[in-house]
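Survey of secondary and tertiary structure
The residues making up each chain are set out below.
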Amino acid sequence: QVQLVESGGGLVQAGGSLRLSCAASGRTFSTYVLGWFRQAPGKQREFVAAINWSGSSTYRPDSVKGRFTISRDNAKNTVYLQMNSLKPEDTAVYYCAARSGMVVVTRERYDYWGQGTQVTVSS
């Protein structure tokens, strides 16, 4: 079992930056793949970034590549999402997720989810 708690969301102007954190419980944190997803009002939850168990491989869609960076600190049981050059279209609730096994980008294949943190980017 893994419990995930996100933090770091808020209101920021376009072009600004935020860093989201996701703290996890559980002694096997370092074995899990971790991902970030987001959901805007009226839209499906979409993949934002993922990182493998060691942090050696990361995955991001083109929509955030070059602006968002995912990283993890296994000693602190925490995964981060650094978001730079934010745009109004990045406004959404951001969720942290975890799964065992290989990195995937499909939300249905993640087993554990946090409660989400709101990110609002004003124009």
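As the structure is a computational prediction, the values presented were derived from the model and not from experiment.

The rules we used
- Residues numbered from 1 in each chain as written.
- Predicted model: local features only at pLDDT ≥ 70, side-chain atom pairs only at ≥ 80, totals over all residues.
- Heavy atoms only, no water.
- Disulfide = S-S within 2.5 Å.
- Helix = DSSP H or I, 4+ residues; strand = E, 2+ residues; numbered from the N terminus.
- Buried < 20%, exposed > 50% of the residue type's maximum accessible area, 1.4 Å probe, protein only.
- Pairing = 2+ DSSP bridges.
- Axes fitted to C-alpha atoms, helices over the stretch in contact; angles between N-to-C directions.
- Salt bridge = Lys/Arg side-chain N within 4 Å of Asp/Glu carboxyl O.
- Phe/Tyr/Trp six-rings, centres within 6.5 Å; stacked < 30°, edge-to-face > 60°.

1. Side note on the state of the cysteines
Two cysteines, two sulfur atoms, one covalent bond between them: this is a disulfide. Within the structure shown, the criterion is met by one disulfide. What pairs with C22 in a disulfide is C96, and their sulfur atoms sit 2.2 Å apart. Note on the C22 and C96 pair: the S-S dihedral is about -85°, so by sign convention the disulfide is left-handed. Residue C22 is found in strand 3 (residues 18-24), and its partner C96 is found in strand 9 (residues 92-99); the two are separated by 74 residues along the sequence. With respect to burial, C22 and C96 carry one shared label: buried.

2. Some details on the sheet that holds strand 7 (residues 68-73)
Strand order in the open sheet formed by four strands is 1-3-8-7, and the pairing between neighbours is antiparallel. The outermost strands of the open sheet, each flanked by one partner alone, are strand 1 (4-7) and strand 7. On average, each strand axis in the sheet is tilted by 15° relative to the strand beside it, whichever way the strands run.

3. Some words on the pattern of salt bridges
If you walk through the whole model with that rule in mind, you get five salt bridges. Between D90 and R67 there is a salt bridge, and its shortest N-O distance comes to 2.7 Å. In this pair, D90 sits in the loop between strand 8 (78-83) and strand 9 while R67 sits in the loop between strand 6 (58-59) and strand 7, placing the two residues 23 residues apart along the sequence. Residue classification places D90 among the buried residues on the basis of a relative accessible area of 1%. Of the residues examined, R67 reaches a relative accessible area of 10% and is grouped as buried. Among the charged side chains, a salt-bridge network with shared partners connects R38, E46, R67 and D90.

4. Comments concerning the environment of K43
Residue position: K43 is located in the loop between strand 4 (33-39) and strand 5 (46-51). Sequence separation between K43 and A14 is 29 residues, and the spatial gap between their C-alpha atoms is 21 Å.

5. Some words on the packing of aromatic side chains
Scanning the entire structure with this criterion turns up six aromatic pairs. Relative to W113, the ring of F37 lies with its centre 5.1 Å away and its plane at 55°, an arrangement referred to as tilted. Here W113 lies in strand 10 (residues 112-113) and F37 lies in strand 4, a separation of 76 residues in the sequence. Looking at F37, the relative accessible area reads 0%, which means it is buried. Judged by its relative accessible area of 28%, W113 falls in the partly exposed class. With centroids separated by 6.4 Å and ring planes inclined at 80°, the aromatic side chains of Y95 and W113 adopt a geometry described as edge-to-face. Taken as a pair, Y95 in strand 9 and W113 in strand 10 lie far apart in primary sequence, 18 residues in all.

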